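Overview (structure and organization)
Here is what each chain is made of, one letter per residue.
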Amino acid sequence: MKNFESIDRREEIKKVLLEQCSELTQTQIQALTEQLAQEKARAISEEQTRHHNELARIESDFNGRLAQEKQKIEVTNLSNTQKEIEKSQSEIASTLSHYAKTKAEQNHGKLQLMKSKLQNFFLQSLQKI
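Below you will find a few notes about this structure. (Residues numbered from 1 in each chain as written. Predicted model: local features only at pLDDT ≥ 70, side-chain atom pairs only at ≥ 80, totals over all residues. Heavy atoms only, no water.)

**With respect to the overall build of the protein**
Here is the rule: The helix and strand labels rest on DSSP assignments: H or I over at least four residues marks a helix, E over at least two residues marks a strand, and numbering proceeds from the N terminus. A radius of gyration in this sense is built from C-alpha atoms; the matching globule rule multiplies 2.2 Å by the number of residues raised to 0.38. Burial classes: relative accessible area under 20% of the type maximum marks a residue as buried, over 50% as exposed, and values in between as partly exposed (1.4 Å probe, protein chains only). Exposure was quantified through the Shrake-Rupley algorithm and a 1.4 Å probe, taking into account, for residues, occlusion by the shown protein chains and nothing else. By the counting rule applied here, Lys and Arg register as positive and Asp and Glu as negative, while His and the ends of each chain are not counted. Every charge is mapped onto a representative atom, which is NZ of Lys, CZ of Arg, CG of Asp or CD of Glu.
Looking only at helices and strands, one finds 1 helix and 0 strands in the protein. Computed over its C-alpha atoms, the radius of gyration of the protein comes to 54 Å, more than 25% above the 14 Å expected for a compact globule of 129 residues. Seen through its C-alpha atoms, the protein measures out along the principal axes to roughly 185 × 15 × 10 Å. For the protein, with 129 residues in total, the buried portion stands at 0%. As displayed, the protein offers around 12500 Å² of accessible surface, 58% of which is attributable to carbon and sulfur atoms. Taking the average location of the 20 positive side-chain charges in the protein and that of its 19 negative ones, the two points are 23 Å from each other.

So, in C-alpha cells, the structure goes:
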C-alpha cells in the first residue's frame, strides 16, 4: 500500500509540476507576445518616422527644383519679352524712318511744284509788265 501511496504521491507531484510548467509556459508566452507586440509597434513607428522623413526630404527637394525651374522659365520669358520689345522698337524705328523719308520726299516734291508755280507766276507777271 505504501507503494501505491508513493505512486499516487508521485503522480500528484508530477501533476502539480506539469501544471506549474504549463502556467509558467503560458506566462512566458504571454510575456513574449506582449514583448513582440511592443517591438512590432516600435518598428512600425520607426518605419513610419523614416518614411515621413524621407517624404519630407523628397518634397523639399522637389519644391527646390520646382522653384529653380520656375525661375529659369521667368528668366527665359523675360529674355524673350526683351527680344520682342527690341524687335518691335527696331520695326517702329524702321517704319518711322521710312515714313519720315516718304514725307520728306513728298514735301520736297510739293516744294518743287510750288517753286515751279512761283517761278511761272513771276515770269508771267514780269512778262505782263
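Moving on, there is more to tell.
**Quick word on a nonpolar patch on the surface**
Operational definition: Like-charged residues are merged into a patch within 9 Å and nonpolar side chains (Val, Leu, Ile, Met, Phe, Trp, Tyr) within 5 Å, provided each residue has over 30% relative accessible area and no salt bridge. Any Lys or Arg side-chain nitrogen located within 4 Å of an Asp or Glu carboxyl oxygen qualifies as a salt bridge.
Taken together, the side chains of L118, F121 and F122 present a nonpolar region at the surface, about 330 Å² in accessible area. In this fold, F122 is placed in helix α1 (residues 2-128).

**So, the pattern of salt bridges**
The tally for this structure, following the rule as stated, stands at 6 salt bridges. The salt bridge partner of E46 is R42, with a shortest N-O separation of 2.6 Å. Of this pair, E46 and R42 are both found in helix α1, 4 residues apart, which corresponds to roughly one turn of the helix. Judged by its relative accessible area of 46%, E46 falls in the partly exposed class. In this structure, the salt-bridge partner of R50 is E47, at a minimum N-O distance of 2.6 Å. Of this pair, R50 and E47 both sit in helix α1, 3 residues apart, roughly one helical turn.

**Let's talk about the environment of D61**
The topology assignment puts D61 in helix α1. Taking the C-alpha atoms as reference, D61 lies 50 Å from T95; in sequence the two are 34 residues apart.

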